Amino acid sequence: MLDLKILQNSEFFKKRTLESKEYLFKEWDFDENIYIILVWELEIEKYTSSEKNETKILATLKKDEIFWEASLNNNLEKQVSIKAKRKSELIYIKASDLEKFAIENSKQAFNLLKYIIHLSNNRLNIANELITSSYKISKEIINLKDFSYKTIFELIEKIKSITRTDEEIIYIEENPVLKEYLVIKYRTTQKSVMQNEVIKITDNKLNLLDLKISWKYSYIQKLQIWEKNYWYLIFIKNNSDFSDSQIKILSTISTSLAWVLKQKEFLKEQNNIDYIKNN
C-alpha cells in the first residue's frame, strides 16, 4: 500500500502549495515532475482559441491523484494547463530522481508504480465507458426520424438505460414567457406520458426543493438551448451518489440531447415563419 507520509518525508519529494486559481503550469510549458495531490482539487484547462484568450475546463483532479506520470518517458511541452480550484497542496518528484528514490526505497517505489498503474487503469475504464455511452446515444440520434416530443421522451428513456440511472430522470423546460416558471415535461417513472407540470423557481435558479424531491442522490444537468435559455435534466439515484466519471458521462450525453432539442426548436421556429408567410 502506498504511504504518502513516507513520500513526504523523502528528500526526493518536494512540497508545493498553490493558492486558489494559481497555475501549477500552463499549456506549452516544460515540466519533468510527477505530482501527487495531498489536499483539495486542481483543474485541467485547455485553450480553445489560437489567441489563447479562452479556455475550457476538461476535468478535475482530486486528493491522492497522481498526474503527469508521462514525464517518466518524455519531457515534451504540456498540452494542457493545471491550476488550483481552491488552495491546494502537492508533493512532486523529478522523473530523473525516481530511479534514485527506487534504489533507496524499493518497497515504496514498487507501491508507487502499482498505484500509478491502478489510476491509469481506472482512467482507461472511464474513457472506455464515456466513448461507449457517447457512441450508443449518437447512434440513437442518427436514427431519429423526427424531433417530436414522443421522440425526445424515447431518447430520454434510452439515456436512462445507457447511464444506468436506477431511479428517475426528469426533463424540464423553461417557460418561454415567464422566466420564473419552469415546466416539467417528462418523468421516466411515468413512461410515455407528457406532464406539463408548472413549477415556480426562486432567484431564477432550479433546486430540488422546488421539485419537492426527497431522494438524496441527484445531479442537475443544464441544457443550453439558446444563449440565455436553459432547460434541465435531473438524474436521480436511490443508493449512492454520482461519481465524477458518471457525471462526466451524463454531461457528455446531455450535450447530445441539447443538440436534438435545438433542432426541435429550430424546426418549430421555421414552421412558425412559414405559417406567417403563407397566411
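The structure under discussion appears in the preceding block.
From a predicted model like this one, the values you see are computed outputs, not experimental measurements. (Residues numbered from 1 in each chain as written. Predicted model: local features only at pLDDT ≥ 70, side-chain atom pairs only at ≥ 80, totals over all residues. Heavy atoms only, no water.)

1. Let's talk about the overall build of the chain
In terms of helices and strands, the chain carries 6 helices and 13 strands. For the chain, the C-alpha radius of gyration of 24 Å lies well beyond 19 Å, the compact-globule estimate for 279 residues. Principal axes of the C-alpha set define a box for the chain whose edges measure 80 × 45 × 40 Å. Buried positions account for 40% of the 279 residues belonging to the chain. (Helix = DSSP H or I, 4+ residues; strand = E, 2+ residues; numbered from the N terminus. Rg over C-alpha atoms; globule rule 2.2 N^0.38 Å. Buried < 20%, exposed > 50% of the residue type's maximum accessible area, 1.4 Å probe, protein only.)

2. Remarks on the sheet that holds strand E3 (residues 33–39)
Pairing is antiparallel in the open sheet, where 4 strands are placed in the order E1-E8-E3-E6. The two strands at the open ends of the sheet, each matched to only one other strand, are strand E1 (14–18) and strand E6 (66–67). Across 5 bridges, the pairing between E1 and strand E8 (residues 88–94) is antiparallel. From the neighbouring strand, Lys15 faces E8, where its bridge partner is Ile91. (Pairing = 2+ DSSP bridges.)

3. As for the pairing of strand E7 (residues 81–84)
Because side chains alternate across E7, one face comprises the buried residues Ser81 and Lys83, and the other comprises Ile82 and Ala84, equally buried. Pairing geometry for strand E2 (residues 23–25) and E7, over 2 bridges, is antiparallel. By the bridge assignment, Tyr23 is partnered in E7 with Lys83. With 4 bridges connecting them, strand E4 (residues 42–47) and E7 associate as antiparallel partners. Bridge pairing in E7 places Leu42 opposite Ala84.

4. As for the environment of Leu257
In this fold, Leu257 is placed in helix H6 (residues 244–277). Classification of Leu257 as buried rests on a relative accessible area of 0%. Sequence spacing of Leu257 and Ser161 is 96 residues, and the spatial spacing of their C-alpha atoms is 14 Å. Excluding anything up to four places from it in sequence, Leu257 contacts Leu155, Ile156, Ile159, Leu223 and Leu233. (Contact = heavy atoms within 4.5 Å.)

5. Notes on helix H3 (residues 106–142)
Spanning 37 residues, H3 covers 53 Å between terminal C-alpha atoms, matching the ideal 54 Å at 1.5 Å per step. Burial in H3 covers these residues: Gln108, Ala109, Asn111, Leu112, Ile116, Leu119, Leu130, Ser133, Ile137 and Ile141. (Expected span 1.5 Å × (residues − 1).)

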